[in-house]
Every structure is written in structure tokens, then in C-alpha cells.
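# Observations on chain architecture
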Amino acid sequence: MNDIIVKNITRIIIPFAQVYGIFIILNGHVSPGGGFAGGAIIGTTLILYTLVFGREKGKKKFSHKASEIAESGGIIWFVTIGLVGLVVADRFLTNINAGFPEGIIGEILSGGMIPLLMIGIGVKVASTMISLFNLLIDEGV
Amino acid sequence: MVILNIVIVVFLIVCALAIGRIKDLLGAVILFSAYSLMMSVLWLVLKTPDVAITEAAIGAGVTSILFFAVISKTKRYEK
Amino acid sequence: MRKILSNTLFIVLFVVLVYAVFQMPTGANINAPAYNDIARHYLENGASETNAANIIAAILADYRGFDTLGETIVLFTSVVAVGSVLRSTKHDKEVRDHE
């Protein structure tokens, strides 16, 4: 796409949308939102970048290798946090009893392992969105 | 509030019927996107902001883009 | 004949479904089947047990963490399935060049 208006508007919008997505992920345990919604917003901005600036530039920003790492890394991160609970407190995915810091309720540093899990889910969902789109676009090229 | 609910639900029903009737698949995807956007407003009215955010991002954003990608690989008009 | 039969069936089904909708308990009714002890336990003790202000995140990531793990695995499986079907490999290119 070679439209200067679309390109410039995209350049302005993408940082704000990505910051909003990160905000939703990190505030998932305080305000509405969470890993799934925030990850979907970040994935949408990556899709928008690929749509406007073309497949080659999009590949440079988020390559196939990076999506592989993010895909498997999200699940490995989740299972690792679960295994901490299994080792320390005898149950998979234990939260406060496994020694995760409690924090003060209502502040961003609270909720034990919930923010950590949300970060893992967010990375996973964002990379799922962009890789599904890339696979559909690349098919038969 | 009841009137707002009724307006949204009527819009949703009209959208859903139109998606079934229309022959142009691109138009069907755009109608589906409008359906999802109105559905997210309805979730907000029903006091579930979590689902509203997810519906707006996934239903109106990602799903329609994936459908567009599939349509660009196949035919635009239904036979 | 077939049209009359299908229309009658449609009208009967429509009436039954609309009747069923009006019989359902509304919103936060205490007689709703979905409202049992576990919901009250989450609402009363959720904040103190998990220290998260958003009770939905507490349920998703703490009480029902295993389900969320399954959800992420479903996403992973979808990407792997689409990739194994659609991804163009080196072998495909060789076959196409050969033709």
C-alpha cells in the first residue's frame, strides 16, 4: 500500500495502541482486562503494521524465529511458574502459599503470581495473532 | 437503559439476518465486524468490561482481518 | 407440503424458545442455577486469598489457573495445525519449479 496518509496515521497510532495493550496486560489484576485482551490488542497493532508497510518490513520487525520463541516461551513460562508452586507448596499453580510476594491490594505490585502469568499469556496471544495472519498471507507464495 | 438494550438487540438481530442473506462475502465480513462492535457495547451495558475489551479486540479486529486474508486467497462472491 | 411442515416446525420452535427465554432467571437472581456456594466463596474470600483487586483475574489465573493453561495450549495447537497445513516449505518450491 503506497498511501502517505495511511502510512503516517499508522506510524502515529501504533505506539499508543501498543502502550495501551501493555497497560491492559500489566493492570490485569487491578482493573478490567488481562492477558488475553491486551495480547489481542498488541497482536492487532502488529497485523496493522504488516498490512500497511508490506510483508517484508513486517518480517523484519517480527520474524518467524521470534514468533517461534514467543509461542513456546509463553507456555514454558506458564508451566515454570506452576512448577514453582509444585516444588514449594506441593500443588501446581499455588499462589500466595508458594512464597510469591503479596503486595498491597489495589496497587500494581500485588496478587502474587497473577501479573507474571498475565505477561506470559499476553506474549503468547500476541504472537498467535500475528503468526496466524502471516501463515495465511504467505500460503502459496 | 431498557430502550438502549432493545435498540442494541434489534441491531444485532438485523445484522445476523443480513449476514446470512448477503451474497458478497466481503460485505458479510464487514457486517460481522459491526455485529461484534455492537456486541461489545452490549457487554459493557451488561457490566462485563473484561468481555467487552476482548470482544472489541478479537471479534471486530482480528477475526475480520483473518477473514479478509482468506477472502483475498479465494473468491469474493458466493455462487 | 415440505414448506408448510418446515414453517410449522419453525413457528413451534420459535414459540418454545421465546417462552424459555422469559422463564430464565434474570441477572444476579439468587435462584439462578449458576449461583451456588462456590460463587459466594469467591466473592467473599477472593480478595483476601489472592490479593488481586480484579476478582475475574483472580479466578482466571489463580483458582482456575489450570484451565487457563489449557486455553493457551489450545492457541498453540491452532497455530501448529495451521502452520503444518499452510506453511510453504523448501520442498514445495522445488516441486513447483520442477513443474
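These numbers were taken from a predicted model, which means no experiment stands behind them.

## Topic: the overall build of chain A
The helix and strand tally for chain A stands at five helices and zero strands. Reported as C-alpha extents along the three principal axes, the dimensions of chain A are approximately 55 × 35 × 20 Å. Looking at chain A as a whole, 40% of its 141 residues are labelled buried. Contacts spanning at least 24 positions in sequence make up 64% of the contacts within chain A whose residues lie at least 6 apart.

## Digging into the overall build of chain C
Scanning chain C from N- to C-terminus turns up five helices and zero strands. Listed N to C, the secondary structure of chain C is α-α-α-α-α in terms of helices and strands. Compactness check: chain C gives a C-alpha radius of gyration of 25 Å against a globular reference of 13 Å for 99 residues, more than 25% above the reference. When the backbone C-alpha atoms are referred to their principal axes, chain C occupies close to 70 × 65 × 15 Å. With 99 residues in all, chain C has 14% of them scored as buried.

## Some points on the interface of chain B and chain A
Residue-level contacts link 13 residues of chain B with 17 residues of chain A. Across the side of chain B that touches chain A, the residue classes tally to nine nonpolar, two polar and two charged.

## Topic: the interface of chain A and chain C
In many analyses, interface size is given as the accessible surface area lost on bringing the parts together. Each side of the interface is counted separately: chain A has 36 residues, and chain C has 25 residues. Sorting the residues of the side of chain A that touches chain C by element identifies α4 (64-89) and α5 (114-138) of chain A as the ones contributing at least two each. Residues that form the side of chain A that touches chain C fall into these classes: 17 nonpolar, 14 polar and five charged.

## So, the packing of helix α2 (residues 35-53) of chain A against helix α3 (residues 49-73) of chain B
α3 of chain B packs onto α2 of chain A with a crossing angle of 30 degrees between their chain directions and a minimal axis gap of 9 Å. Taken as axis vectors, α2 of chain A and α3 of chain B run roughly parallel relative to one another. Here the hand of the crossing between α2 of chain A and α3 of chain B comes out left-handed. On the side of α2 of chain A, the interface is formed by F36, A37, A40, I41, G43, T44 and I47 of chain A, while α3 of chain B contributes D50, I53, T54, A57, I58, G61, V62 and I65 of chain B. A breakdown of the residues in the contact of α2 of chain A with α3 of chain B according to their chemical character gives ten nonpolar, four polar and one charged.

## Considerations on helix α1 (residues 4-26) of chain A
Residue and element names in this part refer to chain A. The first and last C-alpha atoms of α1 sit 34 Å apart over 23 residues, in line with the 33 Å expected at 1.5 Å per residue. Considering bend angle alone, the principal kink of α1 is centred on I13 and spans about 30 degrees; proline P15 follows within four residues of it. Buried within α1 are the following residues: G21, I24 and I25.

## So, the environment of I11 of chain C
Secondary-structure assignment places I11 of chain C in helix α1 (residues 2-23). Expressed as a C-alpha distance, the spacing of I11 of chain C and H41 of chain C, which sit 30 residues apart in the sequence, is 43 Å.

## Considerations on unusual backbone geometry
If a residue is not glycine, its phi is most likely negative; likewise, a peptide bond is most likely trans. Although it is not a glycine, D90 of chain A adopts a positive phi angle of roughly 70 degrees. Tracing the sequence through the fold places D90 of chain A in the loop between α4 and α5. Among the residues examined, D90 of chain A registers 10 C-beta atoms within 10 Å and is labelled exposed. Even without a glycine there, the phi angle at K47 of chain B is positive, about 65 degrees. Inspection of the secondary structure puts K47 of chain B in the loop between α2 (25-45) and α3.

## Comments concerning the confidence of the model for chain C
Residues and elements named next belong to chain C. Summing up the model confidence of chain C, the mean pLDDT is 84 and the portion of residues at 70 or higher is 93%. When mean pLDDT is compared element by element in chain C, α1 scores highest at 93, while helix α5 (residues 90-98) scores lowest at 72. Under the prediction, the complex receives an ipTM of 0.83, its pTM being 0.84.

About the criteria used
Within each chain, residues carry numbers counting from 1 in the order of the written sequence. Written order decides the labels, with chains lettered from A and ligands numbered from 1. This being a predicted model, a pLDDT of at least 70 is required before a residue's local features are given, and a value of 80 or more before pairs of side-chain atoms are given or counted; all residues contribute to the totals for chains, interfaces and linings. In this description a helix means any DSSP run of H or I spanning at least four residues, a strand means any run of E spanning at least two, and both kinds are numbered starting from the N terminus. Labels follow a simple rule on C-beta atoms placed from the backbone: if 20 or more others lie within 10 Å of a residue's own, it is buried; if 12 or fewer, it is exposed; otherwise it is partly exposed. Note on contacts: residues are paired as contacts if their backbone-placed C-beta atoms lie within 7 Å. In this setup the radius of gyration rests on C-alpha atoms only. A globule is expected at 2.2 Å times the number of residues raised to 0.38. By the convention adopted, Pro, Cys, Tyr, Trp, Phe, Met, Ile, Leu, Val and Ala count as nonpolar, Lys, Arg, Asp and Glu as charged, and the other residues, Gly among them, as polar. Only C-alpha atoms enter the line fits that serve as axes; for helices the fit covers just the stretch in contact. Angles between N-to-C directions range over 0 to 180 degrees. Angles are sorted into four bins: roughly parallel if under 35 degrees, roughly antiparallel if over 145, roughly perpendicular if 65 to 115, and oblique for all others. Handedness of a crossing is defined here by the sense of rotation of the near helix relative to the far one, left-handed for an anticlockwise turn of less than a right angle and right-handed for a clockwise turn. Helix span is expected to be 1.5 Å times the residue number reduced by one. The seven residues ending at a residue and the seven starting there each receive a fitted axis; the angle between those axes is the bend at that residue. Every residue gets a pLDDT, meaning the predictor's confidence in that residue, from 0 to 100.

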